[in-house]
Amino acid sequence: MNRFASIIKHAVVLSLTLVMAGASVAAAGPTAKAHRLSTEEYKFLLLVRKHANQGRNIIKYDPLLCKVARAKAKDMIVRNFFNHTDPSGRGPNFMLARAGYRLPAYYSSDRSGNNVESIAKLTGGPKDAFILFLKSPAHRPHVLAEDQFYRAQTHIGAGSYKSKKAPFYNTFVFLSAPRNLNQSVPALLLRAPNGKIIGKSGQ
């Protein structure tokens with residue numbers, strides 16, 4: 001093979017390699033979007049997960065639950081209300097469905113339905129919110145999964161939002177649910193405050 005033919009052959013091989021690499025990148029699709037936890041939200045989730053009496057054998061941090069939880073925490077501050085149902089009459093189950101998180105059929109389908117949420121409004125931080133939940137007969141079973149219904153809620157999320165108005169500076173929202181039944185939910189990663197990926201949608 002003469003030198004010119006050799007150059008042509010290498011050029012063809014290089015072109016094929018670049019085409020295959022391009023196809024591989026295209027198949028992988030665009031980079032998944034990410035939801036980044038605040039330090040307060042991350043600390044709260046760690047408290048839930050590591051508690052000695054936590055009833056969930058499996059716990060997955062879910063980015064969509066965290067995203068909805070933060071939106072609810074912010075909404076309560078911005079619109080100045082404190083309730084599972086917002087001023088428009090929408091409850092947590094409805095808000096999850098609207099965000100693309102499909103719950104089991106036996107969960108409440110009422111617009112104001114709630115099988116997934118606990119909320120707290122206080123002056124302190126994540127540890128104070130966690131203690132407040134544990135002291136509440138209504139919230140402790142949810143946070144620590146003290147019955148089978150909540151033990152089946154293996155995916156958890158938390159959101160917080162700060163207010164400048166006294167005396168309640170912080171709002172915390174805890175969400176838990178079974179695995180999302182929506183198989184076509186867009187890819188979403190969950191990042192810890194340091195940027196480490198600790199969860200992803202559909203896992």
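First, a word on what this report is: a plain description of the structure on this page. Keep in mind that what you see is a predicted model, and the values were worked out from it rather than measured.

On to the overall build of the protein, then. Counting its regular elements, the protein contains seven helices and seven strands. Each helix and strand of the protein, placed in order from N terminus to C terminus, yields the pattern α-β-α-β-α-α-β-α-α-α-β-β-β-β. With 203 residues in all, the protein has 41% of them scored as buried. Within the protein, residue pairs in contact and separated by at least 24 positions form 68% of the contacts whose partners lie at least 6 positions apart.

Quick look at the pattern of salt bridges now. One side chain can pair with another of opposite charge once the charged atoms of both are near each other. Applying the stated criterion across every chain, the model contains seven salt bridges. Salt-bridge contacts for Lys 162 lead to Glu 40; the nearest nitrogen and oxygen are separated by 3.8 Å. Here Lys 162, found in strand β4 (residues 155–162), pairs with Glu 40, found in helix α2 (residues 39–50); they are 122 residues apart in sequence, far enough to count as distant. Linking Glu 117 and Lys 72 is a salt bridge whose minimum nitrogen-to-oxygen distance equals 3.0 Å. Here Glu 117, found in strand β3 (residues 117–122), pairs with Lys 72, found in helix α3 (residues 63–78); they are 45 residues apart in sequence, far enough to count as distant.

With that settled, the discussion passes to the packing of α2 against helix α5 (residues 126–135). Running from amino to carboxyl end, α2 crosses α5 at an angle of 40°, the nearest separation of the two axes being 9 Å. Comparing the axis directions of α2 and α5 gives the class oblique. You can see that α2 and α5 cross each other, and the crossing is right-handed. Here Glu 40, Lys 43, Phe 44, Leu 47 and Val 48 of α2 come into contact with α5, specifically with Pro 126, Lys 127, Ala 129, Phe 130 and Phe 133. Among the residues forming the contact of α2 with α5, the class breakdown is seven nonpolar, no polar and three charged.

As a further point, take the pairing of β3. The buried fraction of β3 is high, at five of six residues. Pairing geometry for β3 and strand β5 (residues 170–177), over six bridges, is antiparallel. Paired with Leu 122 across the bridge in β5 is Asn 170.

The next thing to look at is the side chain of Thr 154. Inspection of the secondary structure puts Thr 154 in the loop between α7 (148–151) and β4. The buried category is assigned to Thr 154, whose relative accessible area is 19%. For Thr 154, the side chain forms a polar contact with the side chain of His 155, separated by 3.1 Å. In this view, Thr 154 contacts Ile 58, Ile 59, Lys 60, Ala 177, Pro 178 and Arg 179; residues no more than four positions away in its chain are not counted.

Rules of the game
Residues numbered from 1 in each chain as written. Predicted model: local features only at pLDDT ≥ 70, side-chain atom pairs only at ≥ 80, totals over all residues. Heavy atoms only, no water. Helix = DSSP H or I, 4+ residues; strand = E, 2+ residues; numbered from the N terminus. Buried < 20%, exposed > 50% of the residue type's maximum accessible area, 1.4 Å probe, protein only. Contact = heavy atoms within 4.5 Å. Salt bridge = Lys/Arg side-chain N within 4 Å of Asp/Glu carboxyl O. Axes fitted to C-alpha atoms, helices over the stretch in contact; angles between N-to-C directions. Parallel < 35°, antiparallel > 145°, perpendicular 65-115°, else oblique. Left-handed = near helix turned anticlockwise from the far one by under 90°. Nonpolar A, V, L, I, M, F, W, Y, C, P; charged D, E, K, R; others polar. Pairing = 2+ DSSP bridges. Polar contact = N/O pair within 3.5 Å; in protein donor to acceptor, adjacent residues only side chain to side chain.

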